[in-house]
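Spelled out from the first residue to the last, the chains are:
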Amino acid sequence: MAELENPNVMTNLITFLSSLLQRVAESNDINCRLQPQKISAFHGLARPSISIQNYLERIFKYANCSPSCFIVAYVYLDRFAQRQPSLPINSFNVHRLLITSVMVAAKFMDDMYYNNAYYAKVGGISTTEMNFLEVDFLFGLGFRLNVTPNTFHTYCSYLQREMMLQPQPSLNIAESSLNIGRFLKLHLCFNEDETSHQQQQLAV
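What counts and how
- Residues numbered from 1 in each chain as written.
- Predicted model: local features only at pLDDT ≥ 70, side-chain atom pairs only at ≥ 80, totals over all residues.
- Heavy atoms only, no water.
- Buried < 20%, exposed > 50% of the residue type's maximum accessible area, 1.4 Å probe, protein only.
- Helix = DSSP H or I, 4+ residues; strand = E, 2+ residues; numbered from the N terminus.
- Arc of directions from axis to C-beta.
- Contact = heavy atoms within 4.5 Å.
- Phe/Tyr/Trp six-rings, centres within 6.5 Å; stacked < 30°, edge-to-face > 60°.

Undergrad: Looking at this structure, how should I read helix 5 (residues 116-123)?
TA: Since the α-helix turns once every 3.6 residues, residues separated by three or four places project in the same direction. Within helix 5, burial applies to Asn-116, Tyr-119, Ala-120, Val-122 and Gly-123. Around the axis of helix 5, the buried residues are gathered within 160° of arc, so they sit on the same side. Where helix 5 is buried, its residues meet helix 2 (52-63), helix 4 (94-109) and helix 6 (127-140). Downstream of helix 5 by one or two residues, Gly-124 has phi in the positive range, about 75°.

This is how it looks when you write it as structure tokens:
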């Protein structure tokens, strides 16, 4: 969307996504004490010292990918969370998931992109780990990388609407948008049909 080329729009989007992911991670940190969760390659031994917002701003500054990649990365994170319910996004894995999702989105969307070693440096991890995370992420997605125009615009519309309605996303909206509504009263997810180009719907 043309609006994404506006620096102010992207700044607001980065801030909103950071806030959303922060709330998701914090909620799942609490939830992990109530039910067992699997440990994945994305899980760090300790919470990174850099905040989610500063980390995402760093990625935005140095990745030099097209603005649409951040929407597609959000789509990928949503798909990953839906396909891997035992690996919810939390404070120990959100940073690695972010850098991996943006890198994969850039490779799929952009004609020109940096290699894994560059993204590893941006993300503060080794190239070997970056390579491994990429493969793990692709398998976690079931290699479903295609994002139809309808799906893209559905996610854009959702994000734009929430950014306009709420400066800070509510707990329910933040959590349910990444399909962790199992323990919430409100469950919102995107119902995708990638084989047909039908209008995407929001299921509440």
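Undergrad: What's the story with the packing of aromatic side chains in this structure? I'm lost.
TA: Note on aromatic pairs: each is described by the distance of the centres and the angle between the planes. Counting across every chain of the model gives nine aromatic pairs. Taken together, a centroid distance of 5.5 Å and an interplanar angle of 80° make the contact between Tyr-74 and Tyr-155 edge-to-face. Of the two residues, Tyr-74 is situated in helix 3 (residues 68-83) and Tyr-155 in helix 7 (residues 149-165); the sequence distance between them amounts to 81 residues. Overall, the relative accessible area of 1% leaves Tyr-155 in the buried class.

Undergrad: How do you make sense of the side chain of His-95 when you look at a structure like this?
TA: Inspection of the secondary structure puts His-95 in helix 4. Exposure remark for His-95: the relative accessible area of 8% places this residue in the buried category. Ignoring anything within four residues of it in the chain, the contact list for His-95 reads Pro-48, Ile-50, Ser-51, Ile-52 and Tyr-55.

These values are about where atoms sit, not about what they do.
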